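Coordinate analysis (summary)
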Amino acid sequence: MGETIVLYPSPLRGHIVSMLELGRLIRQRHPRFSVIVILSSSSAAAPTPVANPSSITVLHLPPSSATTAEGNQTPFDLARRDTSNLHLALAAIAAAADLRALIIDVFSDAAFPVAAALGVPTYYYFTSGAAALAAFLHLPTLHGSTTKSFKDLGDETVNIPGLPPIKASDMPGGMLDRSWRMYGYFLDACRNMISSSGIIVNTCESLESRIIRVIKEGLCVPDRPTPPIFAVGPLVESKVDGDEGGGDKREKRHECLSWLDSQPSRSVVFLCFGSEGRFSAAQLKEMASGLERSGVRFLWVVRPPPRDASAKSTSGSNDGDDTSIEKFMPEGFLERTRERGMVVKSWAPQIQVLSHGSVGGFVTHCGWNSTIEAVHAGVPMVAWPLYAEQKVNRAFLVEDAALALPLSMSDEDGFVSADELAKRVTELMVGSGEGKVVRERVLAARDGVVEALSDGGSSQVSLAAVATLWKRG
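Everything numeric in this text was worked out from a predicted model, so none of it was measured.

Here the focus is the layout of surface pockets. Empty space among the atoms becomes apparent when a probe as large as a water molecule is rolled across them. Computed from the structure, the second largest pocket encloses a volume of approximately 210 Å³. Taken together, 13 residues make up the lining of the second largest pocket; nearest its centre are Ser206, Leu207, Glu208, Ala401 and Arg441. Of all elements in the fold, only helix 8 (209–216), helix 14 (390–400) and helix 16 (434–453) reach the threshold of two or more residues within the lining of the second largest pocket. Both domain 1 (3–238 + 455–470) and domain 2 (255–304 + 325–450) contribute no fewer than three residues apiece to the lining of the second largest pocket.

In this section: the pattern of salt bridges. Counted under the stated rule, the structure contains 25 salt bridges. Note that arginine 394 is salt-bridged to aspartate 170, the shortest N-O span being 3.3 Å. Of this pair, arginine 394 sits in helix 14 while aspartate 170 sits in the loop between strand 7 (166–167) and helix 7 (181–195), and the two are 224 residues apart along the sequence. Take arginine 394: its relative accessible area is 17%, and that puts it in the buried class. Among the residues examined, aspartate 170 registers a relative accessible area of 9% and is labelled buried. Between aspartate 447 and arginine 446 there is a salt bridge whose closest N-O contact spans 3.6 Å.

Here the focus is the side chain of serine 459. Locating serine 459 in the fold gives a position in helix 17 (residues 458–472). Serine 459 gets classed as buried once you look at its relative accessible area, which sits at 1%. Contacts of serine 459, omitting those with residues within four sequence positions, involve Thr203, Cys204, Ala231, Val232, Gly233, Ala452 and Leu453.

So, on to unusual backbone geometry. Backbone torsion omega between glycine 233 and proline 234 reads 0 degrees, so that peptide bond is classified as cis. Secondary-structure assignment places proline 234 in the loop between strand 9 (229–231) and helix 9 (255–261). Phi at arginine 266 takes a positive value of approximately 55 degrees, unusual for a residue other than glycine. Within the secondary structure, arginine 266 sits in the loop between helix 9 and strand 10 (268–272). Under the relative-accessibility criterion, arginine 266 is labelled partly exposed at 33%. The phi dihedral of alanine 388 is positive, around 55 degrees, even though this residue is not glycine. If you trace the backbone, alanine 388 turns up in the loop between strand 16 (381–383) and helix 14. A residue is classified by how much of its surface remains accessible, and alanine 388, at 37% relative accessible area, is partly exposed.

What follows covers the packing of helix 13 (residues 368–377) against helix 16. Interhelical geometry of helix 13 versus helix 16 gives an angle of 95 degrees and a closest axis separation of 7 Å. Considering their axes alone, helix 13 and helix 16 lie roughly perpendicular with respect to each other. Facing Val375, His376 and Ala377 of helix 13, the residues of helix 16 in contact are Val442, Ala445, Arg446, Val449 and Leu453. Residue classes in the contact of helix 13 with helix 16 are distributed as six nonpolar, one polar and one charged.

Here we come to the domain arrangement of the protein. When its domains are assigned, the protein resolves into domain 1 (3–238 + 455–470) and domain 2 (255–304 + 325–450). Centre-to-centre, using C-alpha coordinates, domain 1 lies 28 Å away from domain 2. Each side of the interface is counted separately: domain 1 has 27 residues, and domain 2 has 22 residues. Both faces combined, the contact of domain 1 with domain 2 buries some 1,900 Å², and carbon together with sulfur accounts for 65% of it.

In this section: the sheet that holds strand 12 (residues 297–302). Taken in spatial order, the six strands make up an open sheet running 14-12-10-15-16-17, and their pairing is parallel. Of all the strands in the sheet, the pair left with one neighbour each is strand 14 (341–345) and strand 17 (404–405). Across the sheet, helix 10 (residues 281–294) is in contact with strand 10 and strand 12; its angle to strand 12 comes to roughly 170 degrees.

For helix 10, which comprises 14 residues, the first-to-last C-alpha distance of 20 Å matches the rise-based estimate of 20 Å (1.5 Å per residue) to within 8%. What helix 10 keeps buried is the set Gln283, Leu284, Met287, Ala288, Gly290, Leu291 and Ser294. Taken down its axis, helix 10 places every buried residue within 160 degrees of arc, on the same side. Immediately beyond the C-terminal end of helix 10, within one or two residues, lies glycine 295, with a positive phi of roughly 75 degrees.

To continue, consider helix 14. For helix 14, the complete set of buried residues consists of Gln390, Val392, Asn393, Arg394, Ala395, Phe396 and Leu397. In the segment just after helix 14, alanine 402 is the residue with positive phi, at about 55 degrees.

Following the criterion strictly, the structure yields 16 aromatic pairs and no others. Each ring, one from phenylalanine 76 and one from tyrosine 185, has its centre 5.3 Å from the other, and the planes form 45 degrees; the classification is tilted. Remark: tyrosine 185 occurs in helix 7 and phenylalanine 76 occurs in helix 2 (residues 75–81); sequence separation between them is 109 residues. Overall, the relative accessible area of 3% leaves phenylalanine 76 in the buried class. Taken together through their ring pairs, the aromatic side chains of Phe76, Phe107, Phe126, Phe136, Tyr185 and Phe186 make up a single cluster. The cationic tip of arginine 32 hangs over the ring face of phenylalanine 33; the distance from NZ or CZ to the ring centre is 5.7 Å.

Definitions and cut-offs
- Residues numbered from 1 in each chain as written.
- Predicted model: local features only at pLDDT ≥ 70, side-chain atom pairs only at ≥ 80, totals over all residues.
- Heavy atoms only, no water.
- 1 Å grid on protein atoms, 1.4 Å probe; cavity = no way out; pocket = protein on both sides within 12 Å on 5 of 7 lines; lining within 4 Å.
- Points joined across faces, edges and corners; volume = space filled by probe spheres on them.
- Helix = DSSP H or I, 4+ residues; strand = E, 2+ residues; numbered from the N terminus.
- Domains from an automatic or database assignment.
- Salt bridge = Lys/Arg side-chain N within 4 Å of Asp/Glu carboxyl O.
- Buried < 20%, exposed > 50% of the residue type's maximum accessible area, 1.4 Å probe, protein only.
- Contact = heavy atoms within 4.5 Å.
- Axes fitted to C-alpha atoms, helices over the stretch in contact; angles between N-to-C directions.
- Parallel < 35°, antiparallel > 145°, perpendicular 65-115°, else oblique.
- Nonpolar A, V, L, I, M, F, W, Y, C, P; charged D, E, K, R; others polar.
- Buried area = accessible area lost by both parts, 1.4 Å probe.
- Pairing = 2+ DSSP bridges.
- Expected span 1.5 Å × (residues − 1).
- Arc of directions from axis to C-beta.
- Phe/Tyr/Trp six-rings, centres within 6.5 Å; stacked < 30°, edge-to-face > 60°.
- Lys NZ or Arg CZ within 6 Å of the ring centre and 35° of its normal.

What follows is the structure in structure tokens.
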């Protein structure tokens, strides 16, 4: 098998998609390396794109007999459950091949000590951008500077090198309460990442140049050396048959694409919030009212409200619900807007939609896969973050890069009014005021991404640099 690189993503579809793209890129640019992707025994629980290119070997870990604590299982817990089988798999690969490196992500951090015990150099693939990476690398420093949880600091600002000041409550969701098991997992992962052989980031120099420079200068990790940073992206799913969050594969062309064919160029705003993003019935009605008031053409992917009807916006899975979306809309909304709008339940082929010539704007939850898909397509954004590291991404997109317009949200529950949505969507689509700036900046960002990914571009140079380390063993 020769020189081999093993990739071990956590069992989250977005992470698996991104890790597979990294594997494809390694094989394409540096074919001397064999690439093996090991999937957790839990990966089958979520729809995952494991249709495997012939150049990559995909291995599935067997179900583990290990038990974990009762209650909600985080991706960290699922990875911890698989450590024994992972150890066996890596040992077998090392015995049969020249294993040069293991690449893991933050949620598969339990693999770090496993690889260390086998003497395998470990790299982290950070599937989000450099802005979120800065927050993660700085977490151990922030942890040591206070005894309070971020949730208890309220509107106090957190200063992270390279980022605009952000509210403590806008830190990634799993980090908000230091009494949570999840917080401890994140803290351990951040410390291990700092001790790793290197960090591969799904971004490029032109998109986040200042933040990458700050990280490389060691400002985010003031008390220890920062590992080598390799910006090799942004990598977008090469198969254009699904959105960031998954869903069944559609062999036939989705009806929304035919509808877009009939719309004027750059006239449609696309609203989609990933596989986990959903809103209360009250917020859905408010969004519908905002779109109607805006007068803008729209394509809106709507998921049923969470089972906890009191939630304003949350994450969860309820897509098996056969309930008609119409019941969550204001009476007569679909009929009144049918000439200029389309509402799709649960899923749309996001990459294809963003790449369609009729789409001129994107209201997004600021998930990084969605963000880079929009940048790749040159589509400006309105930022509506919901969970995970998305509020950190918003700070970058709105305040640093000017690639998205902000939305004013209720501090209490994140509720967005119809008037606010209408105002921002109109501003984006008409291209007035800040909307004009955002439209211009995203086109420049698109050109920078294309150049970075081309032969001799910064992302290819970074990939060659990390490949040189692997060659040295």
